[in-house]
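In case you want the letters, here they are:
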Amino acid sequence: MTELETTPTKTWKDQAACKGKTDLFFVSRGETHKMQLAKAICATCPVIDPCREYVIYHAERFVVWAGMSEKDRRQYRIEQGIKLSPAQHGTIRRKEAGCRCLECHTARRP
Ligand code: SF4
Ligand SMILES: [Zn+2]
């Protein structure tokens with residue numbers, strides 16, 4: 001594993017190989033080539049380990065992160081026995097997860 005630079009002002013995100021190229025990481029259905037390019041960048045990234053630790057608990061869709069698509073991350077969570085706690089009611093995330101309660105129906109916050 002690469003020795004990470006850690007100072008109070010520098011975080012692992014500052015060392016991300018995707019810095020300045022994040023457009024490439026928002027992948028829509030069918031954009032296989034784009035996804036492969038993004039995954040190839042992750043494969044060279046010195047901070048893939050902390051990145052994976054972070055993203056595995058964040059259910060972002062259509063984003064390649066830590067060399068994984070959302071589908072890959074779902075599979076990884078299953079393999080590792082990781083369960084995401086459901087988002088709170090009144091959030092867009094919970095609404096998108098299918099909640100039909102009034103609070104979620106009128107949700108404005110992410
Ligand atoms: S592993 Fe990929 S998504 Fe994560 S910081 Fe590195 S390049 Fe960016
Ligand atoms: Zn709800």
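As the structure is a prediction and not an experimental result, all values here were calculated from the model.

**Some thoughts on the environment of C45**
- Looking at the secondary structure, you find C45 in the loop between α1 (32-43) and α2 (48-55).
- Residue class for C45 comes out partly exposed when judged on the 18 C-beta atoms lying within 10 Å of it.
- Remark: the alpha-carbon pair of C45 and A16, spanning 29 residues in sequence, is separated by 6.3 Å.
- In contact with C45, not counting residues within four places along its chain, are A16, A17 and C51.

**Considerations on the confidence of the model for the chain**
- Across the chain, the average pLDDT comes to 85, with 88% of residues at 70 or higher.
- Mean pLDDT values over the elements of the chain span from 85, in helix α4 (residues 92-96), up to 96, in α1.

**Brief notes about the site of ligand 1**
- Neighbouring residues of ligand 1: A16, A17, C18, I41, C42, C45, V47, I48, C51, W65, A66 and G67.
- Mapped onto the shell around ligand 1, the elements with two or more residues apiece are α1 and α2.
- Considering only residue class, the shell around ligand 1 consists of 11 nonpolar, 1 polar and no charged.

Procedures and definitions
- Residues numbered from 1 in each chain as written.
- Chains lettered and ligands numbered in written order.
- Predicted model: local features only at pLDDT ≥ 70, side-chain atom pairs only at ≥ 80, totals over all residues.
- Helix = DSSP H or I, 4+ residues; strand = E, 2+ residues; numbered from the N terminus.
- Buried ≥ 20, exposed ≤ 12 C-beta atoms within 10 Å, placed from the backbone.
- Contact = placed C-beta atoms within 7 Å.
- pLDDT = per-residue confidence, 0-100.
- Near = placed C-beta within 6 Å.
- Nonpolar A, V, L, I, M, F, W, Y, C, P; charged D, E, K, R; others polar.

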